[in-house]
Every structure is written in structure tokens, then in C-alpha cells.
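Results of the structural survey
The primary structure of each chain is shown beneath.
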Amino acid sequence: MLLEFTVGNFLSFKDKKTFSLEAGGIKTILPDNVVQNGKYKVLRSAAIYGANSSGKSNFVKALDFMVNTVKNSSKLNSIDKLGAKPFLLNTETENQPCYFEILFTEGESRYRYGFELDNDKIHSEWLFILEANSKKEIPYFVRELEGIGVADVFEEAKGLESKTRDNGLFISVADQFNSNIANRGMRNMSKMEVLSGIDHKAAFTMTSILYRYDEDRQMIESFIANLKLGFDKFKLGLDKRIKTIHKKYNNKGEFVSNFEFDLIDQESSGTNKLFDLSGYIVFSIMYGYVLIIDELDSKLHPILTQEIIKLFNNPETNPNNAQLIFTTHDTNLLGANLFRRDQIWFTEKDEVEATDLYSLLEFKDGDGKSVRNDRSFEADYIRGRYGAIPYISNLQEI
């Protein structure tokens, strides 16, 4: 499961900022939202709020960038660029490498893996593992510009240092040579899926693939049916377009026959979004993936958004401990008793246009006091108590 993600000097993130899914010391609040994973208590979901242009989407892009850099490193040749996007509004950071680090659990062990890169090369890379019965991390390898140091405990990766390109990740090389440790790291990185809640058509492919298999199709149909969208079933037409199956009635209200609508042309944009995302939602819950969605609430009624979140927060519907991370502007969610304080995060830009990232659990008011669990999170947020809202001039005067 995902524990932490840290990003620095990437897009609007100037300084290192850490997002955590490790549960805080809130013992009696929504206990089902927490998974006991070995010695770690891990959150099933988290919501990220903030004004437009505050860095919410950049957080998602940063996580997506790290995952894809790891997944695709083996496909690059020696002259390919790495796509680094440093913070450009500072004369120092614009020429420095971007920073990424991720912590995740594998069994009862905790992995800490990260790297720094610019557009041409990897500046540093590291892997530390904390075993279940230990209090001290073990370094497996540490890479700097001068070279790669591989610990004796990582014997299977020794000799691969010279096979690692300047613009290639060492963990990817070790994975290619079938290192068990590297395989675990790559497997966990591959179990993260990043989606857009606005431009979601690409997600349709997953839904259409799963629909070909009976068990997966039944799961998707059950998910759609429970959302009460006006139809229970759908089918893939010969032209590979989705048809939704509606019921036709006579004037007496008696069922006459089924009638097919074309999903794209005759259903709402919200229904199209739910269908497109349903494959990834079902797949993530079935196999315990981490699903990250930018603008989850876009085009959706607040109650539908709540039902998706409940699927992940409920241990009965999420037995494999999938995790959901999403950005949103839907303040209704804050008043729906869905989240603990450690599941609510905010992004806000400072005076130099750099993004700050903090949780409601970390937030302290002017008196240095923490937010009480019985506060109205929605009302407080709208009033600006926690920051991370837009501050605009009086448009009436304009």
C-alpha cells in the first residue's frame, strides 16, 4: 500500500512537500477508513482541495511523472530526454534537478525509493528497506553522479552498475535482470493508475477490455446498476460503440420491450464519465491498486461521488485494500462524514507562487490549536479557515 509521496522542484512545487496516507493518532473516528497493514495503519482514501491554479493537478502530475519514469526507463535509449519540469519562477531551482520519493509497503516491509533528475540524467537514486522486525532502514543501493554503491544485502544487483545509462534508473536495470527486490518495487509502482476526471475518454479502453470477461462484466454492471442511472445493462455493439439498455413502457406503465441508446450520443456526459472510469474503479478494487483521479467530482452529482468514495472506504466492498486519491472542488464531501482529518489535504500557493501541501490534521489555527473532530469542515473551509480557497476582488466593481 502507498504510505507517502514526496515531490520537490517540479512544476509549482518549489520545496519538498510530502503527502502521507499513514493514519494519524485519531483512534475512534471512522475506523473502517484505516487498514492495519503489518505495523502500519494506512488510509484507504484521501481528498485534495485547493483553489484553481493552486497545484492540485500538479500534485497528480508529479505522482504520474514518477510512476511513468520508473515504468518506462527501460524503453529509453541513451539520447532520450527525461521530461524534467523544475520550478521555473526561481533563478536557483530552474537549473536544479527534480526530486521524487515514494514509500510503500510490501508484505510487512516498508520500501523507500526515490531519485533526482534533470532533463538529461539521473543525479541520484536510492532504495532503503525497513523490515518488519527492525527499527532501522537497510540501504540497498545509493546512487550519486560519481557512481552507484550497491550494498552486500543487494548482491543480486552487483555488476549491473556499468550497465546503467546516465538517463536510466538502476532499479529498472535490476528489474530487467530479474532481481527479486527490484521486481517488488516495479510491481508496486505498476499498481498505481493516474486518471483525469475531465479528459477521461482514454479510460474507456480498460472498461471495454474488462467487459469481455464474465466476472469483470458482472462487476461493472453491478457498479453501474447501483448508481441508478436509468439502465442496468449495456452491450458492446458490432461497431464497438456501447449501447445502454433501457426499458420501454406503454401508456399504462406496463413494460413493453428493451430499447437501446447510444452511450456517447444519447447519454449525459456524467454517465459517459462513470462508464469510462468504471473499469479502473472495479479493477482497482478487485486487485488492490492505488487509483489517483484528478477532478473526480467533475460532471458528477455529489451523491454519486460520495458512493464511489464509500466503495473504497468500506472494508466489505474493498477487501483487497485498494486506495483512492483524488482532487476535488466538491465541498459537500467535507460535510458527509466520509473523511477523517488526516484524509483531507489542501494545496495553496505562497507569495512566490510555490505550492504548499498540508493536511487538516497538521493544520493549526491562529492560537496554535488543532482542528476538533466535531468542527464543520465544510463550513470552515468555505469561510477560509483552512486557507486553500480563491481570494478574488469584487467582481461587481468591475
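This text goes with the structure placed above it.
Please read all numbers here as calculations on a predicted model, not as lab measurements.

1. A few points about the side chain of Lys273
Looking at the secondary structure, you find Lys273 in helix H7 (residues 269-287). No salt bridge forms around the buried Lys273; measuring N to O, its nearest opposite-charge neighbour Asp297 is 6.3 Å away. Here Gly197 takes part through its backbone oxygen, which lies 3.0 Å from a polar atom of the side chain of Lys273. Setting aside anything within four residues of it in sequence, one finds Lys273 in contact with Gly197, His200, Glu295, Leu296, Asp297, Ser298, Lys299 and Leu300.

2. Side note on the pairing of strand E17 (residues 344-349)
Looking at chain direction, strand E5 (residues 45-50) and E17 are connected through four bridges and run parallel. When the sheet's bridge partners are listed, Tyr49 is paired in E17 with Phe346. Pairing of E17 with strand E18 (residues 355-359), which is carried by five bridges, proceeds in the antiparallel orientation. Of the residues in E18, the one forming a bridge with Glu348 is Asp356. Turn length for the E17-E18 hairpin, with the two strands adjacent in sequence and antiparallel, is five residues, and the turn residue Glu353 shows positive phi of about 65°.

3. Re the packing of helix H5 (residues 214-226) against H7
One way to put it is that H5 packs onto H7 with a least axis distance of 10 Å and a crossing angle of 120°. Our classification of the angle between H5 and H7 gives oblique. Crossing of H5 over H7 shows right-handed handedness. Contact with H5, carried on its side by Glu215, Asp216, Met219, Ile220, Phe223 and Ile224, involves Leu274, Phe275, Ser278, Gly279, Ile281, Val282 and Met286 of H7 and no other residues of that element. Looking at the contact of H5 with H7, its residues break down into nine nonpolar, two polar and two charged.

4. Considerations on H5
Between the first and last C-alpha of H5 there are 18 Å, a value that for 13 residues agrees with the 18 Å anticipated at 1.5 Å per step. Within H5, burial applies to Asp216, Ile220, Glu221, Phe223, Ile224 and Ala225. Close packing links the buried residues of H5 with helix H4 (204-210), strand E12 (233-236), H7 and helix H8 (302-313).

5. A few points about the nonpolar core
For soluble globular proteins, the rule of thumb is that nonpolar side chains tend to be buried together. Among the nonpolar cores identified, the biggest contains 62 residues, and Phe100 and Tyr113 are the most heavily contacted of them. With eight residues, helix H1 (residues 56-72) is the single largest residue contributor to this core. For Phe100, the residues in contact, after removing those within four places along its chain, are Phe5, Thr6, Val7, Phe10, Ala62, Phe65, Met66, Tyr113, Gly114, Phe115 and Trp126. Counting 51 residues, the second-largest nonpolar core is a separate cluster that includes Leu277, Ile309, Phe377 and Ala388.

6. Some details on the sheet that holds strand E1 (residues 2-8)
If you trace the seven strands from one edge of the open sheet to the other, you get E2-E1-E6-E7-E8-E9-E10, paired in antiparallel fashion. The open sheet has two free edges, formed respectively by strand E2 (17-20) and strand E10 (147-150), since each of these has just one partner strand. When strand polarity is set aside, the average angle formed by the axes of neighbouring strands in this sheet is 10°. Relative to strand E9 (residues 138-144), strand E8 (residues 122-130) is paired through five bridges, and the arrangement is antiparallel. Each residue of the ladder has a partner; that of Phe128, found in E9, is Pro139. Where helix H3 (residues 180-190) meets the sheet, it contacts strand E6 (98-106), strand E7 (109-117), E8 and E9, and its direction lies at approximately 100° from that of E6.

The rules we used
- The residue numbers shown here count from 1 along each chain, following its written sequence.
- Side-chain atom pairs in this predicted model are given and counted only at pLDDT of 80 or more, local residue features only at pLDDT of at least 70, and totals for whole chains, interfaces and linings cover all residues.
- Processing note: side-chain calculations cover all non-hydrogen atoms of the structure and skip hydrogens and water entirely.
- Only runs of H or I of at least four residues qualify as helices and only runs of E of at least two qualify as strands under DSSP, and these elements are numbered from the N terminus.
- Buried residues are those whose accessible area, probed at 1.4 Å on protein chains only, stays under 20% of the maximum for their type, while exposed residues exceed 50% and partly exposed ones sit between those limits.
- Charge assignment in this entry is limited to Lys and Arg as positive and Asp and Glu as negative, and neither His nor the chain termini are counted.
- Salt bridges are defined by distance alone: a side-chain nitrogen of Lys or Arg within 4 Å of a carboxyl oxygen of Asp or Glu.
- Throughout this description, a polar contact denotes any pair of N or O atoms lying within 3.5 Å of each other; where both atoms belong to protein, one of them has to be capable of donating a hydrogen while the other can accept it, and for residues adjacent in sequence the pair is counted only when both atoms sit in side chains.
- Contacts were defined at the residue level, with two residues in contact if any of their heavy atoms lie within 4.5 Å.
- A pair of strands is labelled paired if DSSP reports no fewer than 2 bridges between them.
- As a rule, the C-alpha atoms of each element are fitted with a line to give its axis, helices using only the stretch in contact, and angles between N-to-C directions run from 0 to 180 degrees.
- When describing relative orientation, an angle under 35 degrees is termed roughly parallel and one over 145 degrees roughly antiparallel, while 65 to 115 degrees is termed roughly perpendicular and anything else oblique.
- Each helix crossing is assigned a hand: it is left-handed if the near helix lies turned anticlockwise from the far helix by less than a right angle, otherwise right-handed if that turn is clockwise.
- Under the scheme applied here, ten amino acids are nonpolar (Ala, Val, Leu, Ile, Met, Phe, Trp, Tyr, Cys and Pro), four are charged (Asp, Glu, Lys and Arg), and all others, including Gly, are polar.
- Here, expected helix span is obtained from the residue count minus one, scaled by 1.5 Å.
- Here the nonpolar core consists of buried residues drawn from Ala, Val, Leu, Ile, Met, Phe, Trp, Tyr and Cys, with membership extended through side-chain atoms lying within 4.5 Å.

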